[in-house]
Structures are given as C-alpha cells and as structure tokens.
Amino acid sequence: MGSVEELRISLLESEENRNEEIGPNTSPVKQQTGGWKSSSLIVFTELCLCISFFGITKNLVVYLKTELLEDNVTAATHYSTWAGTCYLTALIGAYVSDSYWGNYLTIMGFGIIYMSGMVTLTLSASFSVLKRSPFFTFLGLYMISLGSGSIKPCLSAFGANQLDNTDTRAKASFFSWYYLSIKIGAFMASTVVVWIQDIYGWTIVFGIATLLVGIAFLSLISGSGNYRYRKPSGSPFTRLCQVIVAASRKFNMKFPEDNSLLYQAKPKLAIVQENVESEHTPGFSFLDKAAIVTTSDFSISGALNPWSLCTMSQVEELKSILNLLPIGATFILFSSVLSQESSVFVEQGMVMDRHFGSLNISPVSLSCFNVLAVVVFAQIYDKLIVPIACRFTKIEGGMSQLQRIGIGLFFSILAISSAAIVEAKRLQIVRDEGLMDKNVAVPMSIFWQIPQYTLVGVGEVFSQVGLLEFFYDQAPDSMRSLCMALAFLTISLGNYVTSFILTVVNRVTGWIPDNLNEGHLDRFFWLVVGLCLINLVVFAFCASRYRYKRK
C-alpha cells in the first residue's frame, strides 16, 4: 500500500478534495452580524434570568424553613444540593450545544424546561394542597435546575462569540459586564424581590420570577437576525475519547524524530476555522502517539479510522482540557464560600438583631452589600488597579488571569475569617446574656456581617470574572461551551462540598444545631478557613506550572 509518508500525503489530498465539494463550515459575515449590539442583548437576557433565578435562591432557605418546616441543616443541605445541581447540569447544555444544536437552539430548547419549572414552582406555592407535599416544590426546583444550568455555559459562550477573537480587550470587557449583570440581578433579588416577598408573599414573588424568564427569552429572540452562529462541530467527548483510544493502541510505538510527521489536518479541513494550527505542547506527550501515522490506520479502501489516527489539533484539544482541570479543581472551595452566602450566612443573620430604626431587616438582604462590593470594586479594578499594574508588569490587563484568580482566593479566606470572628463575638454575647438554651436573636447588630459579604464580593471581582475569562480564552475553539460548563461545574461542586461538610461536621461534632446559640458555628467557619488555606497553596503550585495557550 506504499510508505507511511505516502499514505499521509494521499490522505490529506483526498480529504482536501472532499472538503472542496462540501464547502467549509462558515459563519455569517462578521461585519454584518454580532458585535457589542448583539452581546449587549445577551447581557440583558442574563440580567433578567438572574433576577428570576436569585429571586428564588436568595429566599429558598427561608422558604424551606418557614413553608416546608425544615430544620437548619436540612434546609441548608437541600439548598446546597439544589444549587449545585443548577450548575452541574451545565455539562448537559454544553454537550448538546457543541454536538448537535449550537448555542442558540440549546438556550431556547432548555428555556422551555426552565419556564415549565417556574410555572410548577409558582403553582406549588399558590395552592395549599400542593404545598403540603414537597414533591411539587422539588419537581419545580429541579426542572429549573435543568433548564437554567443547561443555559448558563451556552449563553456566556454565545455572547463572547459575537466579538472577534482577536479583540482580547473586548472579550475581557464582555465577561466583566456579563458577571456584573449577574450581580446586579442578585442585588435586585436581594432587595426588591425580598421586599415584595415580605409584603405580598411567595406566590407573587414566584409569579414575577416566571414573568422575568419570559421577558428574557423574548429579548433573546428579538436579536435572532443579528447574531453570529457557530454550527455544532460534533461531540467533543467523542473527539476526546478518540485521542485516548488511539494513543492507547499505539502505546509501544516510538515517536518520529520529526514532529512535523505527526498527522495534522490542513486548515481548511478543520472542524473549526480559527486557530487550527495548534501549538505543539510538551505536556502529556503520551497522547501525541495518537497522531503517529501507520498503515493500520487505514482500511483497504484507504479510509481513515478516527479511533486509530487523530490530528494533532485533536490531541492538543484534549491537552487543553486536562491542563484546565487542576485550576478548576482548586476553585471548588471558593465556590463553597460563595454558596455559604445564601445558606450559612443567612442562618447566622437570623439569630442577630435585625432592627434598623423601625425597620426589620431580612437576613437575605445583607447580600446586597456583596453586590455593591462587586459593582464598586469592578470599577476600581478597571479604572485604577489595572492601569497601575500595567506600569509595573507590562502585561495587558495588569496581571495574568491566574494571578487575578489567586488574589480572589485569598479574599475568600479573609471573608470566612470575618464570619468566624463575628460568630465568636455573637456566641460570647450569648454566654454573657445567658441565652444558650433560647433560640432567639442576640443583641448584636446584623450589620456586623457586612465585612464578610463585602470581602466575598471583592474576591468575586478577581476570581469569578477571572475564571470565566480564563476558561473561555484557554478553551479549544470547538469546545468553548464545554469549557464554560467546566467553569460552572466548579460552582456546582462547591455547593456539593458545602452540603457534604455541613452534614458530616454536624453529625460528628454537633456544631450546627437547630438552635445556633447552643452550637459552635465559629468552629465550622475556622475549619473552612483551614481548608481554603491549603487550597490556596495547591492553586499556587498548579498555576506556576500552567502554560498559556499561544494566541
């Protein structure tokens, strides 16, 4: 059948001829579509969805305790598990988007499930016969988790796709505005939505949240004619598995002396037209064997077996994913800290003095200080920190994405330390006032929680925005939705970690009883601080070994 080199050349020529007959997979003309107009519409869509979503999450622990009569640990565990699922399902949306439907159709398809879940939850709160059974409540909640979670990676990637890949500053600006819309949505949920719930009840709140989901999707549909669409490039999981299988089949083979002999498709044959000439990276060199050309890679007719021979672009795609995983793993504990803002922080606030003059402050409303911290500090970061840092580092953006993430992880440690100090002081007042056996609020203002909420917000400006930008920027072009899903997966796992730690710690130590005045919530916070310190050291090690993708 000829030499291996002849086979390689023949394969490229035959595939080139077939590609010319089919034509390249192209997008609409960039000058006529996309841009900030389209990205802004997607940011507005995310804003409406976030007001709706956080209108539920911010009040969910309170709803579970007051309406379904759950205890502290059960309510916090149910919240953390559900919130984790909301981000875990991002993998489903990413797979469907990259493999079959593309971002837009995936958003619209799972939007129907999202809306159905909102309607179910609203009905369960409206009729006492449904409220008595938690089945309908949790059915609605988990339909929401499937719909909203599947949409998250697609919407963020779809918005970034409207901008040119070469305009890194515009991409960074988009992710800042995108995350800012999330926090503004959370702020409105923590103030306006919580106020409406206090005055008008759960049915009205859930009904408004349902209406906002409808407005979000109508807004998205209105820009359909101006978006840039990427056709799905096939299952990313299949392409990744093909590399693993092909490399395993050639485990005992030696590398060619010239790396250029490793199989690489020509640019016009690539599934995705951007960045097809992948830089060869030294890590995970075993996987490079998947691109060694042998006679056994072809059938008698000359057809290529994709489970035996892969392009170097495929190999580098898998390497990119593997390099991102350790960084994402170290972000899990930061996400755990974020989840406590809507669970343990709220329960702590419920046993503090919530009066402000004649007003009775909802503990959920304290999260507005977190949002304000994000809004204010995001401007300080862009207008002050970045220009000053640029003078010293000579790096566009002032610092690397990983440096930005690391600073945010440090602020999360400060936030939990603040919560632990506040709780220690609260328990001291409990002992001084003889309130240990009474499940009542102590004479300590809830506003002492402001520092912990604020520090979490500052940490988000660094870490959360940095992580989204990092995962999108370092993702293979054909797997952007998948990599955004991996970023959201860290949030999911953070919620599950919180749920796990709460359950285990309470069973072993009893630190978090129904009556927090009898417990030691401060010790729980210090435990989390210790875990976060270890996590920061691991992150620093992983970040020091990471090699950025060449642009």
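Please read all numbers here as calculations on a predicted model, not as lab measurements.

J.: Explain empty space enclosed by the protein here, please?
T.: Sizing a probe to match a water molecule and rolling it over the atoms shows the empty space that remains. Across all of its chains, the model carries 1 cavity of 30 Å³ or more by this definition. Lining the largest cavity are 30 residues, with Phe 53, Phe 54, Tyr 87, Ile 182 and Ile 491 positioned closest to its centre. Sorting the residues of the lining of the largest cavity by element identifies α2 (36-66), α3 (72-88), α6 (134-161), α7 (168-200), α11 (332-340), α15 (450-474) and α16 (480-509) as the ones contributing at least two each. Among the elements that make up the lining of the largest cavity, the one with the highest residue count is α2 (7 residues). A breakdown of the residues in the lining of the largest cavity according to their chemical character gives 17 nonpolar, 7 polar and 6 charged.

J.: Even after reading the chapter, I still don't get the packing of aromatic side chains, so can you show me in this structure?
T.: The description of an aromatic ring pair rests on the distance of the ring centres and on the angle between the ring planes. For the coordinates displayed, the defined rule picks out 34 aromatic pairs. Their ring planes at 85° and their centres at 5.4 Å tell us that Tyr 381 and Phe 462 sit as a pair that is edge-to-face. Separated by 81 residues along the polypeptide, Tyr 381 in helix α13 (residues 367-393) and Phe 462 in helix α15 bring together distant segments of the chain. Measuring from centroid to centroid gives 5.9 Å for Phe 524 and Phe 525, while their planes differ by 55°, and the two rings are tilted.

J.: Just checking my understanding: could you explain the packing of α16 against helix α17 (residues 521-545) for this structure?
T.: When two helices pack together, their arrangement is given by the angle between the helix axes and the distance between those axes. The contact between α16 and α17 brings their axes to 12 Å, and the two run at 130°. The angle between α16 and α17 falls in the class oblique. Seen along the crossing, α16 lies across α17 with a hand that is right-handed. Facing Ile 501, Leu 502 and Val 505 of α16, the residues of α17 in contact are Phe 524, Leu 527 and Leu 531.

J.: Please clarify how a nonpolar patch on the surface should be interpreted in this entry.
T.: Taken together, the side chains of Trp 195, Ile 199, Tyr 200, Ile 204 and Ile 208 define a hydrophobic patch exposed on the protein surface, amounting to about 520 Å² of accessible area. Looking at the nonpolar patch, the elements that each hand over two or more residues are α7 and α8 (202-222). At 3 residues, α7 tops the list of elements feeding residues into the nonpolar patch. Here Trp 195 is to be found in helix α7.

J.: I keep staring at the pairing of strand β4 (residues 442-445) and nothing clicks. Help me out?
T.: Residues in a regular strand point their side chains to alternate faces of the sheet. Here β4 shows a clear split, with Val 442 and Met 444 buried on one side and none of Pro 443 and Ser 445 buried on the other. Examined bridge by bridge, strand β1 (residues 352-353) and β4 share 2 bridges and lie parallel to one another. Residue pairing across strands places Asp 353 opposite Ser 445, the latter belonging to β4.

J.: Please explain the nonpolar core as it appears in this structure.
T.: Proteins that are soluble and globular tend to have nonpolar side chains buried together. Among the nonpolar cores identified, the biggest contains 156 residues, and Trp 82, Tyr 114, Phe 524 and Phe 525 are the most heavily contacted of them. In terms of residue count, the dominant contributor to this core is α2 (15 residues).

Cut-offs applied
- Chains are numbered independently. Their residues run from 1 in the order of the written sequence.
- Owing to the predicted nature of the model, reporting of local features is limited to residues with pLDDT of at least 70; listing and counting of side-chain atom pairs is limited to 80 or more, with chain, interface and lining totals taken over all residues.
- Note that the side-chain values use all heavy atoms of the structure and ignore hydrogens as well as water.
- A pocket here means an open set of points on a 1 Å grid, computed over the protein atoms alone, that has protein on both sides within 12 Å along at least five of seven lines. A cavity is instead a set of points where a 1.4 Å probe fits but cannot get out; residues with an atom within 4 Å of a point line either one.
- Grid points are joined across faces, edges and corners, and a volume is the space filled by probe spheres set on the points.
- Put simply, DSSP marks the helices as runs of H or I at least four residues long and the strands as runs of E at least two long, and each gets a number from the N terminus on.
- Classification used: nonpolar for Ala, Val, Leu, Ile, Met, Phe, Trp, Tyr, Cys and Pro, charged for Asp, Glu, Lys and Arg, polar for all others including Gly.
- Aromatic contacts are taken between Phe, Tyr and Trp rings whose centres are within 6.5 Å, Trp giving its six-membered ring; a plane angle under 30 degrees counts as stacked, one over 60 as edge-to-face, and the others as tilted.
- Comment: axis = line fitted to C-alpha atoms, over the contacting stretch for helices; angle = value between 0 and 180 degrees taken between N-to-C directions.
- Orientation categories follow fixed angle ranges, with anything under 35 degrees roughly parallel, anything over 145 roughly antiparallel, 65 to 115 roughly perpendicular, and all other angles oblique.
- What makes a crossing left-handed is the near helix being turned counterclockwise from the far one by less than a right angle; a clockwise turn instead makes it right-handed.
- Only heavy atoms enter the contact rule, under which two residues are in contact if any of them lie within 4.5 Å.
- For patch detection, residues must exceed 30% relative accessible area and be free of salt bridges, and they are connected within 9 Å for like charges or within 5 Å for nonpolar side chains (Val, Leu, Ile, Met, Phe, Trp, Tyr).
- Note on areas: these come from Shrake-Rupley sampling with a 1.4 Å probe, and a residue is covered only by the protein chains present in the view.
- The rule for a salt bridge is simple: a side-chain nitrogen of Lys or Arg has to be within 4 Å of a carboxyl oxygen of Asp or Glu.
- Residue exposure (1.4 Å probe, protein chains only): buried if accessible area is under 20% of the type maximum, exposed if over 50%, otherwise partly exposed.
- The criterion for strand pairing is that DSSP finds at least two bridges linking the strands in question.
- In this text, buried Ala, Val, Leu, Ile, Met, Phe, Trp, Tyr and Cys residues form a nonpolar core when linked through side-chain atoms within 4.5 Å.

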